[in-house]
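Residues per chain, in single letters:
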Amino acid sequence: MQRQEQQQLQKQQLTQDMVRRLPILEADRTAIAFQLGRLSRRNPCIATGKGAVDWVADTASGFEDRLFVQIDEGSGTEAQKQLQKQLVMALDHRGLLPESDFVLGHRFGVDVADIEAARQALLFLEPTGIGAKNERDCQYRHAIEHDDPLVLDVFEALDANADDIPTRLGISAAEFDRVTRIVATLPKVPLLYEGTEHVVPELEVVRRDGGLVTTWFSPTIDAARIGDDREAKWWHETLEMRNATLRSVWELIAERQQDWLDGKLVLHPLTRKEVAERIGKHESTVGRAIQGKYVATEGGVMAWRHFFVRSTEHGQSPFMVKKALAELIQQETSPLSDAALTRELARLGYTVTRRTVANYREALGFGNSRERERQYWKGGD
């Protein structure tokens, strides 16, 4: 019986280890810098190498302290509060706690029931969603605290795959659509720090002495400080795996999209499946690798995902269509209707519907032809 439980524990630990590693591949540079800032404060073996983000590190340094204050002000025995603090220390870079209660109980030498109770206590802390098991659980916590009570009702109905939800909740189809859009945008992770409009790129590619020079900023930890520390070793190994995967993906992006990096406004066909096959990874791994990653080029900062385009003459990605649309609107001498813009895009080689043009135009912040005409009449005010 004991041997069976030990095998079960080892299997779960391997699974949980993979659960911990995959989101780090997906994480952007800011999220990893935040986690390393947290860890380095209590573990001298974890020292950030390159890729640090100063303002994030400053925010991370007091993260646990802010949660500990809330725990100390709450109810429960000292032993219960101590276990809650241990779970805080086990939070991943997203502020989630994906490891199973069974694994956590074994790690901290307590019953599963104690872990469950400590988890529940964390869910009352700020920011909302701290300690949630996964992204869906975090969204549920945000739904509970939303100002509109319908958000929670719709969330639970959708989660239960209920039939005819508007009738069940006594709301109109339009109201259901409105709330569904809110549900879809609920935060999937706790808001650990104030957001910033400044994008932190993973690398920079610039032209120098007639060639392209690539500089990587991917976070690393100082290998000389690791020693025999298990936690530091795990992070070093995981970041090495992450950075190696990012480099292999980017190498193929740069190879295919050399024209763009050379300053030509053209993207060539490239798919995630193709990249996955060439680097020997699953397509979902490539999807994780490009999620939230940016590159600084001489033409500006660009998301990696925009380098993946369909097989058309101009590389017909939404990014390129929006870029062409924006240029058409900015260069127009008199406002063009959406139908006229659709024809102009077709002339340039981009085949899209009028409805798509309208959606892209609105997403870019441009009004319709009448609204733009009024702006021109008022002198652009």
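Going by an unreviewed UniProt entry, the protein chain carries the name Fis family transcriptional regulator and comes from Exiguobacterium aurantiacum. Entered under Sequence similarities (unreviewed entry) in the UniProt record, the comment concerning the protein chain runs "Belongs to the sigma-54 factor family."

Quick notes on the pattern of salt bridges
As enumerated under the stated definition, the model contains 23 salt bridges in all. K133 is the salt-bridge partner of D101, the closest N and O atoms lying 3.9 Å from each other. With a gap of 32 residues between them, D101 in helix α6 (residues 101–108) and K133 in the loop between α7 (112–122) and α8 (135–144) connect regions that are remote in the sequence. A salt bridge links K233 to D228; its shortest N-O distance comes to 4.0 Å. Shared partners join several salt bridges into a network, and the residues in it are D101, R119 and K133.

Some points on the sheet that holds strand β4 (residues 300–303)
Strand order across the open sheet formed by four strands is β2-β1-β3-β4, with mixed pairing between neighbours. At either margin of the open sheet sits one strand with a lone partner, and together these are β2 (211–216) and β4. Ignoring which end each strand starts from, the neighbouring axes of this sheet average 25° apart. By the bridge criterion, three bridges tie strand β1 (residues 203–208) to strand β3 (residues 294–297) in an arrangement that is parallel. For V205, the partnering residue across the bridge sits in β3 and is T297. On top of the sheet, helix α12 (residues 230–256) reaches β1, β2 and β3; it is set at about 160° to β2, its chief contact.

Cut-off values and rules
- Residues numbered from 1 in each chain as written.
- Predicted model: local features only at pLDDT ≥ 70, side-chain atom pairs only at ≥ 80, totals over all residues.
- Heavy atoms only, no water.
- UniProt positions renumbered as here; feature names shortened; annotations may be inferred.
- Salt bridge = Lys/Arg side-chain N within 4 Å of Asp/Glu carboxyl O.
- Helix = DSSP H or I, 4+ residues; strand = E, 2+ residues; numbered from the N terminus.
- Pairing = 2+ DSSP bridges.
- Axes fitted to C-alpha atoms, helices over the stretch in contact; angles between N-to-C directions.
- Contact = heavy atoms within 4.5 Å.

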